[in-house]
Amino acid sequence: MSETALNRGQALVAVALAQFMVTLDMTVVNVALPDMGVGLGFEPAQLPWVVNIYALFFGGFLLLGGRAADLFGQRRVLLWGTWSFAVASLAGGLAQEPWHMIAARAVQGVGAAVMAPSALAVLTLTQREGEERTRALGVYAAVAAVGGGAGVLVGGLLTEYAGWRWVMLVNLPMALAVVLLALRSVPAGTFGNRRGKLDVLGAILATGGVGLLILGMVRTEELSWASPTTVVTLAAAVVLLVAFVLWEKYGPMTDPLIRLGLLARRNVAGANLYMALLAAGQLAVFYFLSLYLQRILKLGPAEAGAAFLPLCLTAMVAIQVTTRVLRRQRAGIKTLLVPAGLIAAAGFAWSGMADPSGSYLGDVLLPSLLAGLGVGIAFVPLTAAATVGLPPQEAGTASALLNASRQVGGALGLAVLVTAATTRTDSRLAAGVSPDEAAVDGYSLGFLLAGGFLVLAALVALFVLPRRPRPAAAPAAAAPRSGAGAPAAAGDADAGTPAPAAAGDTDAGAPAPDVAAGGITPAG
């Protein structure tokens, strides 16, 4: 039995640092790519894979990482992921050949896929539901929201003043802190079924399907959507994902990778769809904004990174205010997510008004402040909506789903919007306009389409999210899976959950029944 005493404050710091590392490494290498390419001798076609391979392995292994956390213990799996991430970061910082760096980034992606869901599961299970958990989700959401922007800033500063290798080595002290804090403050326990068995075939199908889906989309930067390679890759992804759903629904195992009834809950489905659309718009805006700052406004790496600071700071302020609103129950989850999507959409669309002779103040700063406000308002209620009311043994799986939605949505949005922007730029060049004007026309289309994604997200919040998520009963290990004959109460949209409360329930921000207030129990 673990003798570690639960320290909720230190556990929250460990979770926040883990999430910051995962999010930071999505973008921290971007500004360093030119110097890294020269230093390691990358061919131009190889260099994008420093970014793509991380997204591929991160998204592909997320569901497996989340289920492993539920089965083997959230702290244990968090430590596994952190150690893997740290070793890979060291290997990347010492890389001497291109394949060394690509291999290190792949292992980083696997480590991140294990860290991210287990970290959010630790937060959910160590922070008491209600005001305490809402405050903790505010901290988590802050680092998740600003990590990508901070990555651009940190990457620019490190590349310019310390060298490109430090974009990898910077993870080492943070990883060490996560390990020490987790060992000191989180009991080595799990709410899951420790006698359960990992659904190996389900894990293979899910990992392969999500991985191929991301691979097909990220390669559209070099291959067209209609190319045989892209079509075959995406078709194989669809086949594997359909096979995964059928296996999870009809397979003989008693402990599936994902209980399909989880996806039938409107708060889970709505939150994941909203996250995918938010990530699709946000990641594309970061991409186009980086290009506009460096190619059009002629800013250096450190200056371009610093230009993201106002967006990040605005998001952090919005997150703190939103956390207080939720804690005091002045507004619910649904009430916040609808305007959040519309505000972010307005900021993204405003960026689409940029022109080649524009300025940082009018074309970057002011739209960024509006976009940061919308994104900041969304993150805390979105994270809460994806996990509230769920049984403790599904915390890791729900966390993995939310992170997987972010990865797949981001990859899909970036691929679609880059294709649209490139097509617009090529058509404008063919019409005889200047290269800068053609490029900005392409960026503007990307910004406007990103705003469209956020309008769709607002509609999801309005029409899909329930007014109040219902509590879920913990499924027995050998019980029939939802969708495979499991009985549900009449009229219950959330299969396997108790019948709904009386009509007129408050918005989703009202606290759900305290399913996991006790925190993590010691392992026996």
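Everything below is about the structure printed above this text.
Residues numbered from 1 in each chain as written. Predicted model: local features only at pLDDT ≥ 70, side-chain atom pairs only at ≥ 80, totals over all residues. Heavy atoms only, no water.

**Q** Got a minute to help me understand the packing of helix α12 (residues 266-296) against helix α16 (residues 360-387) in this structure?
**A** A pair of packed helices is captured by two measures, namely the crossing angle of their axes and the spacing between those axes. At a minimum axis separation of 10 Å, α12 and α16 run at an interaxial angle of 160 degrees. Regarding the angle of α12 to α16, the classification is roughly antiparallel. Where α12 crosses over α16, the two elements pack in a sense that is left-handed. Contacts from N267, V268, A271, Y274, M275, L278, Q282, L289, Y292 and L293 of α12 reach α16 at Y360, D363, V364, S368, V375, A378, F379, L382, A385 and A386. Tallied by class, residues from the contact of α12 with α16 come to 16 nonpolar, three polar and one charged. (Axes fitted to C-alpha atoms, helices over the stretch in contact; angles between N-to-C directions. Helix = DSSP H or I, 4+ residues; strand = E, 2+ residues; numbered from the N terminus. Parallel < 35°, antiparallel > 145°, perpendicular 65-115°, else oblique. Left-handed = near helix turned anticlockwise from the far one by under 90°. Contact = heavy atoms within 4.5 Å. Nonpolar A, V, L, I, M, F, W, Y, C, P; charged D, E, K, R; others polar.)

**Q** Looking at this structure, I do not really get the environment of T220. What am I missing?
**A** Looking at the element boundaries, T220 is found in the loop between α9 (200-218) and α10 (228-250). Measuring from C-alpha to C-alpha, the distance between T220 and L412 comes to 9.9 Å, with 192 residues separating the pair along the chain.

**Q** Even after reading the chapter, I still don't get the packing of aromatic side chains, so can you show me in this structure?
**A** Aromatic rings considered in pairs are described by the distance between their centres and by the relative angle of their planes. For the structure on display, the rule yields seven aromatic pairs. Relative to Y443, the ring of F288 has its centre 6.2 Å away and its plane inclined at 40 degrees; by these criteria the two rings are tilted. On the criterion of sequence distance, the pair formed by F288 in helix α12 and Y443 in helix α18 (residues 435-463) is long-range, its members being 155 residues apart. You'll find F288 and Y443 in the same group, each marked buried. One aromatic cluster is present, built from ring pairs that chain together Y287, F288, Y443 and F447. (Phe/Tyr/Trp six-rings, centres within 6.5 Å; stacked < 30°, edge-to-face > 60°. Buried < 20%, exposed > 50% of the residue type's maximum accessible area, 1.4 Å probe, protein only.)

**Q** Sorry if this is basic, but what is going on with the pattern of salt bridges here?
**A** Using the criterion set out here, one finds four salt bridges in the structure. Ionic pairing is found between R8 and E132, a salt bridge with its closest N-O pair at 3.8 Å. You can see R8 sitting in helix α1 (residues 8-27) and its partner E132 sitting in helix α6 (residues 131-161), a full 124 residues away along the chain. Each of the two residues, R8 as well as E132, counts as buried. By sharing partners, the salt bridges in this structure join R428, E437 and D441 into a single network. (Salt bridge = Lys/Arg side-chain N within 4 Å of Asp/Glu carboxyl O.)

**Q** Quick question: what am I supposed to make of the nonpolar core here?
**A** General note: in soluble globular proteins, nonpolar side chains tend to be found buried as a group. Ranked by internal contacts, the top residues of the largest apolar core, which has 115 residues, are M36, F58, M101, Y274 and Y443. Top element by residues in this core is α12. It accounts for 15 residues. Those residues in contact with M101 that sit more than four places away from it in its chain are M36, L40, F42, V50, G92, A95, W164 and M168. Counting residues in each nonpolar core, the second largest holds 13 residues, with A106, I214, L215 and A415 among its members. (Core = buried A, V, L, I, M, F, W, Y, C linked by side-chain atoms within 4.5 Å.)

**Q** Where do I start with the layout of surface pockets in this structure?
**A** To find leftover empty space, a probe the size of one water molecule is rolled over the atoms. Of the voids in this model, the largest pocket is the one considered here, and its volume is about 1100 Å³. What lines the largest pocket is a set of 31 residues, and nearest its centre among them are N30, L33, V51, Y287 and L414. Listed by contribution, the elements that provide at least two residues to the lining of the largest pocket are α1, α2 (33-40), α3 (49-72), α6, α12 and α17 (395-430). Sorting elements by how many residues they give to the lining of the largest pocket places α12 first, with nine residues. Tallied by class, residues from the lining of the largest pocket come to 18 nonpolar, ten polar and three charged. Roughly 620 Å³ of volume is contained in the second largest pocket. The wall of the second largest pocket is formed by 23 residues, among which L241, L401, A404, S405 and V408 lie closest to the centre. Among the elements that take part in the lining of the second largest pocket, α17 stands out by supplying seven residues, more than any other. Residue classes in the lining of the second largest pocket are distributed as 19 nonpolar, four polar and no charged. (1 Å grid on protein atoms, 1.4 Å probe; cavity = no way out; pocket = protein on both sides within 12 Å on 5 of 7 lines; lining within 4 Å. Points joined across faces, edges and corners; volume = space filled by probe spheres on them.)

**Q** Help me understand unusual backbone geometry in this model?
**A** Excluding glycine, most residues fall at negative phi; most peptide bonds, likewise, are trans. Although it is not a glycine, K298 adopts a positive phi angle of roughly 60 degrees. With respect to the helices and strands, K298 occurs in the loop between α12 and α13 (301-306).

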